[in-house]
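Here is how the chains run, residue by residue.
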Amino acid sequence: MSPAEDRQARLSARNGWLLSAPALVILTIAAIGPLLIVLVYSFLTPGDYGNVVWEFSWNGWKSVFVEEDIFEGTLSLADAHLTIFWRSLSLSILTTVLTFLVGFPTAWWIATKPPKARAFWLFLITLPFWTNILVRTFAINQIIRNEGVLNSLLIWAGVIDSPIQLTYTPTALLIGMVYVYLPLMVLPLFAAIDRFDMRLLEAGYDLYASRWQVLRRIILPIVKPGIIAGSILVLVPCLGAYVTPRILGGGKMMMLGNFIELQFGQGRNWPLGAALSIVLLVIVTAALLIYVRALSGEKRHG
Amino acid sequence: MADVTIEARNTIKAFGQGAQAVRALDDVSIQINRGEFFTLLGPSGCGKTTLLRLIAGFEMPTSGQILLDGADITDLPPNRRPVNTVFQSYALFPHLTVAENVGFGLTMQGRPKAEVAATVAHMLALVKLEAMANRKTSQLSGGQQQRVALARALAPKPKVLLLDEPLSALDLKLRKEMQVELKRLQTETGITFVFVTHDQEEALTMSDRIGVMSAGKLQQVGSPKDIYTRPVNRFVAGFIGETNFLPATGGAGGAKLGCGAVIDGVAANGAVTLTIRPEQVRLTAAAEPGAIPATVTLLVYFGTDTHLHLALPDGASIVARVQSPATGEAGLAQGQQVGLRFAPGAVQVLED
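Residues numbered from 1 in each chain as written. Chains lettered and ligands numbered in written order. Predicted model: local features only at pLDDT ≥ 70, side-chain atom pairs only at ≥ 80, totals over all residues. Heavy atoms only, no water.

Turning next to the overall build of chain B. Helices and strands together make up the secondary structure of chain B, namely 8 helices and 20 strands. Overall, the C-alpha framework of chain B stretches about 80 × 55 × 40 Å when taken along its three principal axes. By residue count, 50% of the 352 residues in chain B fall in the buried class. Counting only carbon and sulfur atoms, one obtains 52% of the accessible surface of chain B, whose full area is about 15800 Å². Taking the average place of the 32 positive charges on the side chains of chain B and the average place of its 32 negative ones, the gap between the two points comes to 5 Å. (Helix = DSSP H or I, 4+ residues; strand = E, 2+ residues; numbered from the N terminus. Buried < 20%, exposed > 50% of the residue type's maximum accessible area, 1.4 Å probe, protein only. Areas by Shrake-Rupley, 256 points an atom, 1.4 Å probe, with all protein chains shown as cover. Lys, Arg positive; Asp, Glu negative; His and termini not counted. Charge placed at Lys NZ, Arg CZ, Asp CG, Glu CD.)

Next up, the structure:
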């Protein structure tokens, strides 16, 4: 490397650091700092009225997975906690699958519109973001309750005789979450489908592929990065969902987010809350790792 | 009668609705023979690609029929027609390797894996890409992608191979190479090729027969020589190669040009247009009897050839192509007086 080249390389490296410094500072202070506090708190002893006592303890972490019988002192698996974990995970995965099934045709439909119409439909997709999530969730509750629009319509149409009990059931939760997170699935899917070369469809049909084979062998593999991005964008906030399960589950359908809040509130067990938060973080990180792995797999091939 | 593979009968394809409907194909009938290299030639927007897409099944005709080996396939979707296409954009699958691309059609047909692998190997050898089998298509050059597209379309052994301006994205040198390559592949496989292009030179060098199209209609079908030497109308004469158009009046003795010269042996009546190729115009000494006097107005040097722009006495202009003079020899000069003769039988009468 000539001295001039060397100087240029050093300059561009230094400029890179300078330009990214503000973002790095904000990330360090606002993300890594609090995370460390949470990690430290999870190893402390809960105080009587919330907060923590600065005394090392494994109890926060122990009670994530096992519970101690108050009278006999025996340890057993924390069924309630596991139920909440399982409910969070299964509902989140189910929401992701449902948003994909609903979102994919929608994104495809928008991506195949003329450019002007596309902007309009994308605008409609993002419209719900303009309204507070609380208001929207209560609106869903109004629609699905026994005297709500949905049941009234179904009775009027003669499909059912008596209203279906939807409120405060897992179904209600699922409807609410699919509704709230649908745009997060549609947008990355749209971006991927928009880049998809529609001429490949003709090539597929020309080479004897049926419609189903074209979808499975050509479209889905090529828009895979969009599917993964959308799934992560839906799955991650779903796992930590708080407002939707609180309102639509009516406190009966507790999810991880609510359970963590409970520990910092009425539960007065901050270390347990902190430990649960870390567990949630680990689950999310695992999901992200799968995403990165899948993406780099794409790159390896070309 | 020759053995017809693919036939279009009175096909009309209109785009748009009602009064705004545009006829991309206006009552086109064509018969393409088995094992033939057939070229559809025409300027962009003439309907040649639309006809190709009708044969492939990507578009349905507004009226008319498409027949393959005598059977009506008008209503069959593309995946059920034994016809494959090489697309202008190649349309290779970016997520598959070269070998997977080539094997795609066979896999979709449900052929056994061993057969697919054998055919793919054979096809890759045919297009000389054996070494690239496991590459992604994005790692290939334009010419190599072109070969993959060819191999992919040929692998299922279609009855007809459709090629939609496949060489237009390549640079000149590569295009020439691929022209030879295409001709070789066609001879080796014996498959009927229907080739679409707007490049008349490409059409002339490669085809067994050419169909010249313009404004949604088939203007003339014939061998390259037929089309070049005996164009039926002004469009075909002007589109294929360079030519001169001369207005003339037909009569008993021949056709009389504007300058008064009479060309013998041309049967025409009334006002007609004559056409003669520049290379059929012979130069003689100015004073030679029977020659048409002309003045050189411009010399354009093309290497082996020189184009002479000549003015006839009535002001009409004509271009003659002559061999460039040998090194050291003095050629013609601007303003020089020469005489013209037309090669016997080279003058054609055109219907307008």
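Residue and element names in this part refer to chain B. A sheet is described by the order of its strands in space; here 6 strands give the open sequence β6-β7-β8-β3-β9-β10, paired in mixed fashion. Two strands close off the open sheet at either side, each with one partner strand: β6 (83-86) and β10 (217-222). Sheet twist, expressed as the average angle between the axes of neighbouring strands with direction ignored, equals 20°. Direction of pairing for strand β3 (residues 37-41) relative to strand β9 (residues 209-214): parallel, over a ladder of 4 bridges. Among the inter-strand pairings, Leu40 is bridged to a residue of β9, identified as Gly211. Taken strand by strand, helix α1 (residues 48-56) contacts β3, β6, β7 (160-164), β8 (192-197) and β9, and its axis lies near 145° from that of β7. (Pairing = 2+ DSSP bridges. Axes fitted to C-alpha atoms, helices over the stretch in contact; angles between N-to-C directions. Contact = heavy atoms within 4.5 Å.)

All names here are of chain B. With respect to the secondary-structure elements, Asp164 resides in strand β7. A distance of 3.4 Å separates polar atoms of two side chains, one belonging to Asp164 and the other to Thr49. Among residues more than four places away in sequence, those in contact with Asp164 are Thr49, Leu52, Val86, Phe87, Gln88 and Val196. (Polar contact = N/O pair within 3.5 Å; in protein donor to acceptor, adjacent residues only side chain to side chain.)

Our focus in this paragraph is the pattern of salt bridges. Applying the stated criterion to the full structure yields 25 salt bridges over all chains. Residue Arg53 of chain B is joined to Glu202 of chain A by a salt bridge in which the shortest nitrogen-to-oxygen separation is 2.5 Å. Of this pair, Arg53 of chain B sits in helix α1 while Glu202 of chain A sits in helix α8 (residues 199-206), on two different chains. Exposure remark for Arg53 of chain B: the relative accessible area of 22% places this residue in the partly exposed category. Its salt-bridge partner being Arg147 of chain B, residue Glu181 of chain B comes within 3.3 Å of it at the nearest N-O pair. Taken together, the residues span a long stretch of sequence, with Glu181 of chain B in helix α5 (residues 172-189) and Arg147 of chain B in helix α4 (residues 142-154) at a distance of 34 residues. No difference in accessibility class separates Glu181 of chain B from Arg147 of chain B, as the two residues are buried. When salt bridges that share partners are traced, they join Lys128, Arg147, Glu181, Arg184 and Glu188 of chain B into one network. (Salt bridge = Lys/Arg side-chain N within 4 Å of Asp/Glu carboxyl O.)

All names here are of chain B. Spatial strand order, β2-β1-β4-β5: 4 strands in an open sheet with antiparallel pairing. Looking at strand neighbours, the two that pair on one side only are β2 (22-33) and β5 (71-72), the edges of this open sheet. One ladder, built from 5 bridges, connects strand β1 (residues 4-15) with strand β4 (residues 63-68); its direction is antiparallel. For Glu7, the partnering residue across the bridge sits in β4 and is Leu67. Against the sheet, α1 makes contact with β1, β2 and β4, and its axis sits at roughly 115° relative to β1, the strand it touches most.

This brings us to the interface of chain A and chain B. Across the boundary between the two partners, chain A contributes 18 residues, which contact 26 residues of chain B. In total, chain A and chain B occlude about 2000 Å² of area from one another, counting both sides; carbon and sulfur atoms represent 62% of this. Per-residue buried area on chain A facing chain B is highest for Asp206, Leu207 and Tyr208 of chain A; these three make up 39% of the total on that side. Applying the counting rule to chain A against chain B returns 1 salt bridge. Our count for the contact surface shared by chain A and chain B stands at 7 residue pairs in polar contact (both at pLDDT 80 or more). At the level of secondary structure, the elements contributing two or more residues to the side of chain A that touches chain B comprise α8 and α9 (211-222) of chain A. It is α8 of chain A that provides the largest number of residues to the side of chain A that touches chain B, a total of 7 residues. (Buried area = accessible area lost by both parts, 1.4 Å probe.)

Residue and element names in this part refer to chain A. Under the domain assignment used here, chain A contains domain 1 (1-41) and domain 2 (78-300). Taking only C-alpha atoms, the centre of domain 1 and the centre of domain 2 are 34 Å apart. In this assembly, 4 residues from domain 1 lie in contact with 6 residues from domain 2. Taken together, both faces of the contact between domain 1 and domain 2 bury some 410 Å²; the carbon and sulfur share is 88%. On the domain 1 side of the interface with domain 2, the three residues burying the most area are Leu35, Val38 and Tyr41, jointly 87% of the side's total. If you look at where domain 1 meets domain 2, you find 0 residue pairs in polar contact (both at pLDDT 80 or more). (Domains from an automatic or database assignment.)

We now examine the pairing of β10 of chain B. All names here are of chain B. Where β9 meets β10, 5 bridges bridge the pair, whose relative direction is antiparallel. Bridge pairing in β10 places Met213 opposite Leu218. Between β9 and β10, which pair antiparallel one after the other, the connecting turn spans 2 residues, and Ala215 there sits at a positive phi close to 50°.

This part takes up the packing of helix α3 (residues 79-111) of chain A against α9 of chain A. Residue and element names in this part refer to chain A. Interhelical geometry of α3 versus α9 gives an angle of 80° and a closest axis separation of 14 Å. One element, α3, and the other, α9, form an angle in the roughly perpendicular class. For the pair formed by α3 and α9, the contact residues are Phe100, Phe104 and Trp108 on the first element and Leu215, Ile219 and Leu220 on the second. Residue classes in the contact of α3 with α9 are distributed as 6 nonpolar, no polar and no charged. (Parallel < 35°, antiparallel > 145°, perpendicular 65-115°, else oblique. Nonpolar A, V, L, I, M, F, W, Y, C, P; charged D, E, K, R; others polar.)

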